[in-house]
Amino acid sequence: MEASHAAAGTVQLTEVSASGTPPGPMQIDRAQRTPPAVLKDLLEKMLLIRRFEEKAAELYSMGKIGGFCHLYIGQEAVGVGAISTLGPDDYILASYREHGQALARGLDPGEIMAELCGKKSGVSKGKGGSMHLFDKPRGFLGGHAIVGGQIPLAAGVAFAEKYLKKPSVTLCFFGEAAVNIGSFHESLNLAALWKLPVIYICENNRFGMGTPIERTSALYDLSQKACAYNMARGCVDGMDVLAVRETVAEAVERARSQSAPTLIEARTYRFMGHSMSDPVHGHYRTKAEVEEQRRHDPIKVFIATLESLGVVSPADIEELNEKVRDSVEDAVAFSERSEEPEPLELHTDVYVP
Amino acid sequence: MPVMTYLDAIRQGIWEEMERDPSVFLLGEDIGDYGGAFKVTAGMLKKFGAERVIDTPISESAIVGAAVGAALMGMRPVAEMQFMDFISCGFDQIVNMAAKIHYRWGAKVPLVIRGPSGAGVHGGPFHSQSNEMWFVHTPGLKVVVPATAYDAKGLIKAAIRDDNPVLYFEHKFLYRRIKDEVPEGDYTVPIGQARVAREGTDIAVITYGAMVWTALEAAEQLAKEGVSLEVVDLRSLLPYDEQAVLATVRKCNKVILLHEGTRTGGMAGELAALLAEKAFEDLDGPIVRITAPDTPVPFSPPLEEFFLPNAKKVAEAARKLAAY
């Protein structure tokens, strides 16, 4: 543990003013077609995730969060844009890098932070930890700590909803490294064969832990894999929250009206190491590469876009920042005052009584 | 009371549960039109329709994973493995997903995975394994192994109604070879309860699955020689009936632990440890294990016969133990 803290170092707080970042030209067009209240909500959610994750890194470095902790910093536009298209009765399954999707879905930040800290009040009673967040009433079905393990489940969730004649759709997030496991292929075939209302969102952040996609996949244009299953596909700039929102919205519409699945590749980048145990850059990528990618910070670009359109002012940004900081501080305070689980809690919930 | 085969009893149990509860559905390879490799699901497609009797691609991971997902949403899937050997392809979805969802989240995954296991039909290394112990070592799962037609029906119904993931190991050698009385209509056999298959006084033989019949055959032989074997059929391996195990050993004071699965890490070792801990003073002789050896299941009929425990081997061991 000590070694991993040392390796990770401290996390720099990200400057989130637009400061010199140009707005995305495509994003301006989409922003003009989106209600300002929606734009502000998207920005707030991305900011919340960024601040939450920075705080999680801090608590990890202090030893208050143990184990393994995978941050979503850099990928916020994917989770926030995609989940903004859902209704309250829809479902989400995600990987072990799922704090962002959980927050975007509206899980309580305090209960998430408490779970990261292994507290009794955590969303999974402290038994799951960072990689096992779950909140069924909010349609958030994990948090799955084995690469691609959630992909078959999503087909089952969508199947059951269709069988029960409910109009929900299911979003299934996973990283680009997960497309190489057998279950991915088995599941996409099932989803297409059974015409399931499920949307697979492959977050291509370019690295499976420390190995770049070029060294693990024979095909780089990952959404092409949908062709093997006669499935609709899309590829989207995962650093542009509005582009993600638009592409996923089309897929959601396809799922609802035609009960048909879609595979979407969202090209993104994680600004942190794979987990808190490894540095931001190192053997597998250079500092220059990470800095270049940070110029496309999805939050900075979005702020620049919104400022250029007059949707938000720098004062509004400061106010939003304060608001999310308060939420994160409240989350930490909740976790800090929460109790550790009792030892005998070990034995509860192994089976449904 | 109607007499039926082990296979028909399983089939009837599933059939009745499908009629009783619309959230029960079946999925697996060739279970629809074809009726399953061993015909356990014959006729079900016609009766219940393609929405509830679903032929799948050969994709065990997706079959189990989709069943877990559907169970999360309140369905009660019954997934067939064409042979229990093939369950290895869906292993992650069983031991990581299904087994730990309730512990991680408090959510129910009522799910049954069933299929044929066991040797004796010259199926060779990938169609003959008794691989139940892979799962007995996984808290969160339940594992049942019926030996009789009565239990086959009662346990499949109990498994389908259970709110936990249950692995239901059928023994393919028994499918059409045994018949017994099965009541018409509804009954269940509680998971976790053993039964005394034959009362006796001198040596307890604790076993399960097809080996119950082997033990009974040996007991019949030994009775003629004046040695009385009590045969206990575990029926469930996880959880197993600790009280029944202790009771028979306290009664007979000598014990043979018998199974078709391989030796190291087998159920017999677990029971031997239990007896050493809790029945040490009750034992009047060494604990005897009769199991398959630590090898794959060979195809060649004479080799397979050598691999499997049989009544002769049990009888020989019982004679020795009786004389101890």
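Residues numbered from 1 in each chain as written. Chains lettered and ligands numbered in written order. Predicted model: local features only at pLDDT ≥ 70, side-chain atom pairs only at ≥ 80, totals over all residues. Heavy atoms only, no water.

(A) A look at the sheet that holds strand β6 (residues 142-144) of chain B. Residue and element names in this part refer to chain B. Read across the sheet, seven strands follow the order β3-β2-β4-β5-β7-β6-β12 without closing on themselves; strand pairing throughout is mixed. The open sheet has two free edges, formed respectively by β3 (53-55) and β12 (236-238), since each of these has just one partner strand. On average, each strand axis in the sheet is inclined to that of its neighbour by 20°, with strand direction left out of account. As defined by bridge partners, β6 adjoins strand β7 (residues 165-171) across three bridges and the pair is classed as parallel. The partner of K142 across the bridge, within β7, is V166. (Pairing = 2+ DSSP bridges. Helix = DSSP H or I, 4+ residues; strand = E, 2+ residues; numbered from the N terminus. Axes fitted to C-alpha atoms, helices over the stretch in contact; angles between N-to-C directions.)

(B) Main features of the domain arrangement of chain B. All names here are of chain B. Here chain B is partitioned into domain 1 (3-181) and domain 2 (195-322). Each of domain 1 and domain 2 was reduced to a C-alpha centroid, and the two centroids are 26 Å apart. Contact with domain 2 buries surface across domain 1, with H122, M133 and V145 losing the most and accounting together for 26% of the total. At the surface where domain 1 touches domain 2, the tally comes to two salt bridges. A salt bridge links D151 to R235; its shortest N-O distance comes to 2.9 Å. Across the domain 1-domain 2 interface, the total number found is 12 residue pairs in polar contact (both at pLDDT 80 or more). Mapped onto the side of domain 1 that touches domain 2, the elements with two or more residues apiece are α6 (133-136), β6 and α7 (149-161). Partitioned by chemical class, the residues of the side of domain 1 that touches domain 2 number 15 nonpolar, 11 polar and four charged. (Domains from an automatic or database assignment. Buried area = accessible area lost by both parts, 1.4 Å probe. Salt bridge = Lys/Arg side-chain N within 4 Å of Asp/Glu carboxyl O. Polar contact = N/O pair within 3.5 Å; in protein donor to acceptor, adjacent residues only side chain to side chain. Nonpolar A, V, L, I, M, F, W, Y, C, P; charged D, E, K, R; others polar.)

(C) Region of the structure containing the pattern of salt bridges. Residues and elements named next belong to chain A. Overall, the coordinates contain 51 salt bridges over all chains when judged by the stated rule. In this structure, the salt-bridge partner of K323 is E44, at a minimum N-O distance of 3.1 Å. Here the residue K323 occupies a position in helix α12 (residues 314-337), and E44 occupies one in helix α3 (residues 36-61), the gap between them amounting to 279 residues. For E44, a relative accessible area of 22% puts it in the partly exposed group. (Buried < 20%, exposed > 50% of the residue type's maximum accessible area, 1.4 Å probe, protein only.)

(D) Local environment of the side chain of A:E161. Looking at where A:E161 falls in the secondary structure, it is placed in helix α7 (residues 150-163). On the accessibility criterion, A:E161 (2% relative accessible area) is buried. Residues within four places of A:E161 in sequence aside, it is in contact with A:D89, A:Y91, A:K166, A:S168 and B:M73. (Contact = heavy atoms within 4.5 Å.)

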